[in-house]
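# Per-entry structural report
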Amino acid sequence: MSARPNTAADTASASAETADACCPGPLPVLGRDVTVPLVTGGEVTYAALDYAASTPALQRVWDDVAAYAPYYGSVHRGAGYLSQLSTDLFEQSRATVAAFLDCRDGDQVVFTRSTTDSLNLLARVVPADCQVFVFETEHHASLLPWRDARVTYLDAPSTPAQAVETLERALADRDPHGPALVCVTGASNVTGELWPVRELAAAAHAHGARIVLDAAQLAPHHPVSVKDLDVDWVAFSGHKLYAPFGSGVLAGRADWLQAAEPYLAGGGASRTVTRRVGGEGAGGVDVEWHTTAARHEAGSPNVIGVYSIASACKALTEAGFDTLVARERHLIDTVRAGLAEVPEVRVLSLFGDDAPRVGVISFVVEGWNSSHFAAALSAEYGIGVRDGLFCAHPLVRTLLGSGPQDPGECGAPEPAAPGELPRTSSGGAPASLRSLNAIRVSFGAGTPDEHVERFVGAVKELVRDGAQWKYRTEDGRCVPDRG
């Protein structure tokens, strides 16, 4: 198939890899020099713009893990030198995370697999008669775990002030004699907008409720202080904080954690296990569980994952969040200004253009199916974004104005003709296929300026000229037709 010159991709150059003189360059991350093939021919440096799903690991984190790897050993129960060293490293990492989050005296830091795992752990330890309040705008990790609690789902607010008012009204109507918990995000994984966490925490506490902060999208971009925000718990994932997959954190008040049965039963969670001798239940076992964070860390822990989180916490702290935030604002402004120049692009927002936000922006393009557009960005420009409903289906459907029965799969719709997506003269999908999902671009401390500039240029070219290639649906995904 013939192809015209790929202008936006061809603009990639080493000289564009540093920010303006007012801002420092990106933090070194793994994969920054990886090249990928283009369907139109040639290769280009990959522009990883899906940070909201998973950030690349910081080079500093990878180097720290590599230096530790030869000393790998099982923690807490080994008498050998490597086991003792690993135990010290594991517990020092706990202290590092507590300092990173500015935890209170007496708070516990429990290591988990992810934000989802952390919030499911908290859902397991809430008192049986607890009432949980959660906005429909939450990621599914925050929206879905509360299966054994009484849950009140709150409508999406249109302003931060309305979010606080909505919560206050709901809390005022609750039974004041039982425990209550509010679950809220710090930064939306769909719009990137910052939520009024401090004000929501004050409202929760004024009505005798507790609050847990989903900081998965906040912690990589802004400092998170448990004391300053006055939240009871905070949860986040290592793989969104420039560390490898497989580790997460739940940090906060110890009482509910200590009062509940362990999240997992097994070695490490138990202090002593004894057989019953005589009397009722003879022959069974009695267990005394730990009251420390170990109570909910049964089994051999992910020491490397925990250490990688601690390394990332140190690296971000040393880089300075003031500096990181200033540079990210520069990137946000570049993307938003570029998209604003394309009338066919609609950026999704709850709180409006002036709302403070992190580097997460979702949008739709008139005349285009979002999966088709994202596939073209990848195949023709080497740009990795995300399309779909972003594990926040109620929120995205609210923002798009689509009903709960509308198709919500991440893949492109089935083509009308064999091997090809329906197209308009602009290269997009017809109206019947539009706005069923969205496109999300996200970035952070490791993103070079060139990546966001290439993205803006690619959006403009695709809207103006259409895709260079034909695409088809394969296993629910929109892919280049190479036949």
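The rules we used
Residues numbered from 1 in each chain as written. Predicted model: local features only at pLDDT ≥ 70, side-chain atom pairs only at ≥ 80, totals over all residues. Heavy atoms only, no water. Helix = DSSP H or I, 4+ residues; strand = E, 2+ residues; numbered from the N terminus. Buried < 20%, exposed > 50% of the residue type's maximum accessible area, 1.4 Å probe, protein only. Contact = heavy atoms within 4.5 Å. Areas by Shrake-Rupley, 256 points an atom, 1.4 Å probe, with all protein chains shown as cover. Core = buried A, V, L, I, M, F, W, Y, C linked by side-chain atoms within 4.5 Å. Expected span 1.5 Å × (residues − 1). Salt bridge = Lys/Arg side-chain N within 4 Å of Asp/Glu carboxyl O. Pairing = 2+ DSSP bridges. Axes fitted to C-alpha atoms, helices over the stretch in contact; angles between N-to-C directions.

## Comments concerning the overall build of the protein chain
- Helices and strands together make up the secondary structure of the protein chain, namely 14 helices and 19 strands.
- Relative to its full complement of 483 residues, the protein chain shows a buried share of 56%.
- The long-range share in the protein chain, meaning contacts at least 24 apart out of those at least 6 apart in sequence, stands at 73%.
- Per element, the accessible surface of the protein chain, about 20000 Å² overall, is 51% carbon and sulfur.

## Structural notes on the nonpolar core
- Of all hydrophobic cores here, the largest spans 80 residues; its most connected members are V97, L101, L167, L213, V224, F236 and V249.
- Here this core gets eight residues from one element, more than from any other, and that element is helix α10 (residues 303–319).
- Once you skip the residues sitting within four places of it in the chain, V97 turns out to touch V109, F111, F236, V249, I309 and C313.
- Within the second largest apolar cluster, 36 residues are counted, among which are A47, V365, V385 and C478.

## Overview of α10
- Under the 1.5 Å per step criterion, the end-to-end length of α10 is 24 Å for 17 residues, consistent within 8% with the ideal 24 Å.
- Taken across its 17 residues, α10 has twelve buried, putting it largely inside the fold.
- Here α10 has its buried residues at V303, G305, V306, Y307, S308, I309, A310, S311, A312, C313, A315 and L316.
- Those residues of α10 that are buried lie in contact with α2 (59–68), α3 (81–100), β4 (108–112), β9 (233–237), β10 (248–252) and α11 (321–340).
- Count one or two residues on from α10 and you reach G320, which has phi positive near 90 degrees.

## Details of the pattern of salt bridges
- Throughout the structure, instances matching the rule amount to 22 salt bridges.
- Between E341 and K460 there is a salt bridge, with its nearest N and O atoms 2.4 Å apart. Taken together, the residues E341 in the loop between α11 and β13 (345–347) and K460 in helix α14 (residues 449–465) connect sequence positions 119 residues apart.
- What emerges from the salt-bridge pattern is a single network uniting D50, R386 and R440.

## A short note on the sheet that holds strand β6 (residues 150–154)
- Taken in spatial order, the seven strands line up as β4-β10-β9-β8-β7-β5-β6 in an open sheet, and their pairing is mixed. Two strands close off the open sheet at either side, each with one partner strand: β4 and β6. Recorded for the sheet is a direction-independent mean angle of 20 degrees between the axes of neighbouring strands.
- Pairing analysis gives three bridges linking strand β8 (residues 210–214) to β9, with the strands arranged parallel. Bridged to L213 within β9 is V234.
- Those strands touched by helix α4 (residues 115–125) are β4, β7 (180–185), β8, β9 and β10, and its axis lies near 150 degrees from that of β9.
- In this fold helix α6 (residues 160–172) packs onto β5 (131–135), β6 and β7, with an angle of close to 160 degrees to the strand it touches most, β5.

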